[in-house]
Amino acid sequence: MVFTDFGNKLSQHSGILQLMDDIAKPLPSDVTPHPLGGGNPARVPEVERAYRRELEHLLSDGERFEDMIAHYDSPQGRVSFLESAAAFFRERYGWPVTMENIALTNGSQSSMFYLFNLFAGKAGNEKRTLLFPLMPEYIGYADQGIEEGTFVSIPSLVEYYDDRTFKYRMDIKAVGSYLEEHPEVGAICVSRPTNPSGNVLTDDEIHALSDLAHKHSIPLIVDNAYGLPFPDIVFTDDAEPIWNEDIVLSMSLSKIGLPSIRTGIVIARKEIISAVGNINAIAALATGSFGPVLAENLLTSGELTKLAADVVRPFYENKMQKAVSWIRKYFDGTEYFIHRPEGSIFLWLYLPSLSMPSLEFYSVLMKEGVVTVPGEYFFFGEGTGVKDHPHYDRCLRINYSGDAALTEDGIRIIAEKYREYSV
Ligand SMILES: Cc1ncc(COP(=O)(O)O)c(C=O)c1O
């Protein structure tokens, strides 16, 4: 049996595979699992109640339920949701969008796969690339390019503060020069908030990237999986939802309570949306209807964004503050640094005294039942010295959205092992 290059590329071991496997696979029976790994969001009771109520309405409303389960939606997604979403973004933010600017996918992971391969890879005689201007970036992108060597990236600058925090800064000059020297770049991509670091690019940084995208006639893909206006897991005040014709905004219902239902929302100029819908027809026929049906009334009535701002954001902010306080307590006296937690559901720890690469430290922690994600997987992209980044193999990503006692105990164990394995 021979697998194609495409088959081999997608079926090889990857960081995201390991992360998803770690979520689902049982640990040895003699350890207590401390699941601080993958990207599972928390259960938020108020949000769950809203979906339950919508489902009860659906079940009791004539044949709406049967109507939903018995038909395929269009490849671009459920039309009534597309219309409602367009009206929502037009009215609330003044974005000049219609349903032709919106497509639904089976989760934003799929959206990114479609978008990346739309813009990076062979195009006639050219090889187009995708630029990540702020590395480290989301582990789930690293292996999504079908053609090898089409992802390029620029290592972030690091700014340290007195309180053992730091922040990754985009080297916008380097991004500008890179684009001047590399006309083959087909798109730029950032996650905002950034997974893994919890960084939130400011409005000015997004505008600067969008201007560069405009100048070079390429799209800026902004992955808004944790962003505004929903799920709103953003703890800074200098971030607004931003969209224009140069931006492809990728959203998701996963981190606002529906990870299992797989609903991604892409907002972009019409040609891109038409392409995403056409890819969806080939790859998946249609998008699942359940997510849009559950969320449509909540979106239209404003309840979804209200839940995001009033419940989801404070819920995670509270969890984040507790996790930071546990890190400060248990790591006290060691050399540790935390990326400023501005958004997302993760803390990103830099452990410069670690006596081994974080990939090995991850295995040490696994034996104790503590599941984390080692930093190396978040540094990818060709040719720009990303693996020389001082943080490359000395970071861990910690998901703090789970059970509080297990999160605290997990952090205690990580600190204990860090002391044991420090130089
Ligand atoms: C930054 C980012 N983008 C995209 C995704 C994919 O999410 P989903 O496919 O569930 O929408 C995730 C999941 O954790 C993520 O962290």
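About the criteria used
Residues numbered from 1 in each chain as written. Predicted model: local features only at pLDDT ≥ 70, side-chain atom pairs only at ≥ 80, totals over all residues. Helix = DSSP H or I, 4+ residues; strand = E, 2+ residues; numbered from the N terminus. Rg over C-alpha atoms; globule rule 2.2 N^0.38 Å. Buried ≥ 20, exposed ≤ 12 C-beta atoms within 10 Å, placed from the backbone. Contact = placed C-beta atoms within 7 Å. Pairing = 2+ DSSP bridges. Domains from an automatic or database assignment. Nonpolar A, V, L, I, M, F, W, Y, C, P; charged D, E, K, R; others polar. Near = placed C-beta within 6 Å. Expected span 1.5 Å × (residues − 1). Axes fitted to C-alpha atoms, helices over the stretch in contact; angles between N-to-C directions. Parallel < 35°, antiparallel > 145°, perpendicular 65-115°, else oblique. Core = buried A, V, L, I, M, F, W, Y, C linked by C-beta atoms within 7 Å.

Regarding its fold elements, the protein chain presents 13 helices and 16 strands. For the protein chain, the C-alpha radius of gyration of 21 Å lies close to 22 Å, the compact-globule estimate for 423 residues. When the 423 residues of the protein chain are sorted by exposure, 50% land in the buried category. Within the protein chain, counting contacts between residues at least 6 apart in sequence, those at least 24 apart form 76% of the total.

The next subject is the sheet that holds strand β6 (residues 157-160). Pairing is mixed across the open sheet formed by six strands, whose spatial order is β6-β7-β12-β13-β16-β15. Two strands in the sheet have a free side with no partner beyond their single neighbour: β6 and β15 (373-374). Bridge count between strand β12 (residues 337-339) and strand β13 (residues 346-350): two bridges; the pairing is antiparallel. Across the sheet, the residue bridging to Ile338 is Leu349, located in β13.

Bringing the domain arrangement of the protein chain into the picture now. How big an interface is tends to be reported as the loss of accessible area on association of its parts. What the domain assignment lists for the protein chain is domain 1 (11-45 + 308-420) and domain 2 (73-306). The gap between the C-alpha centroids of domain 1 and domain 2 is 24 Å. Tallying the contact residues gives 43 residues for domain 1 and 44 residues for domain 2. For the side of domain 1 that touches domain 2, the elements supplying multiple residues, two or more each, are α2 (15-24), α11 (303-330), β12 and β13. It is α11 that contributes the most residues to the side of domain 1 that touches domain 2, eight residues altogether. Looking at side-chain class alone, the side of domain 1 that touches domain 2 contains 24 nonpolar, twelve polar and seven charged residues.

Right, let's get into the pairing of strand β5 (residues 151-155). In terms of residue burial, β5 counts as a mostly covered element, since five of its five residues are buried. Because side chains alternate across β5, one face comprises the buried residues Phe151, Ser153 and Pro155, and the other comprises Val152 and Ile154, equally buried. Looking at chain direction, strand β4 (residues 126-135) and β5 are connected through four bridges and run parallel. Bridge pairing in β5 places Phe132 opposite Ser153.

Around the ligand, 14 residues are found, and the nearest of them are Gly39, Gly107, Ser108, Ser252 and Ser254. Among the residues forming the shell around the ligand, the class breakdown is three nonpolar, ten polar and one charged.

Further remarks concern the environment of Cys395. By the secondary structure assignment, Cys395 is in strand β16 (residues 395-399). Distance from Cys395 to Val373, taken between C-alpha atoms, is 8.8 Å for residues 22 residues apart in sequence.

With that settled, consider the pairing of β4. On a regular strand, each side chain points to the face opposite its neighbour's, so the side chains alternate between the two faces of the sheet. Within β4, seven of the ten residues are buried, which leaves it mostly tucked inside the rest of the structure. Pairing geometry for strand β3 (residues 121-123) and β4, over three bridges, is antiparallel. Following the sheet pairing, Gly121 is matched in β4 by Arg128. Between β3 and β4, which pair antiparallel one after the other, the connecting turn spans two residues, and Gly124 there sits at a positive phi close to 65°. Of the pairings in the sheet, the one linking β4 to strand β8 (residues 185-191) comprises three bridges and is parallel in character. Paired with Leu131 across the two strands is Ile188, which belongs to β8.

Over its twelve residues, helix α6 (residues 108-119) runs 16 Å from end to end, which matches the ideal 16 Å to within 8%, given 1.5 Å per residue. Of all twelve residues in α6, eleven are buried, a share of seventy percent or more. Trailing α6 by a residue or two, Gly121 shows a phi angle of about 135°, which is positive.

At a closest axis distance of 9 Å, the pairing of helix α3 (residues 45-60) and helix α10 (residues 290-301) adopts a crossing angle of 110°. Taken together, α3 and α10 sit at an angle that is classed as roughly perpendicular. Along its contact with α3, which presents Ala50, Tyr51, Glu54, Leu55 and Leu58, the element α10 presents Val293, Leu294, Asn297 and Leu298. Classifying every residue of the contact of α3 with α10 by side-chain character gives seven nonpolar, one polar and one charged.

Once that is clear, we can look at the nonpolar core. Core analysis: the largest hydrophobic core is formed by 121 residues, its most contacted members being Ile102, Ile188, Val266, Ile267, Leu347 and Leu349. With ten residues, the single largest contributor to this core is α11. When residues of this core are sorted by domain, at least three fall in each of domain 1 (11-45 + 308-420) and domain 2 (73-306). Setting aside anything within four residues of it in sequence, one finds Ile102 in contact with Leu82, Ala85, Ala86, Val97, Ile265, Val266, Ile267 and Ile273.

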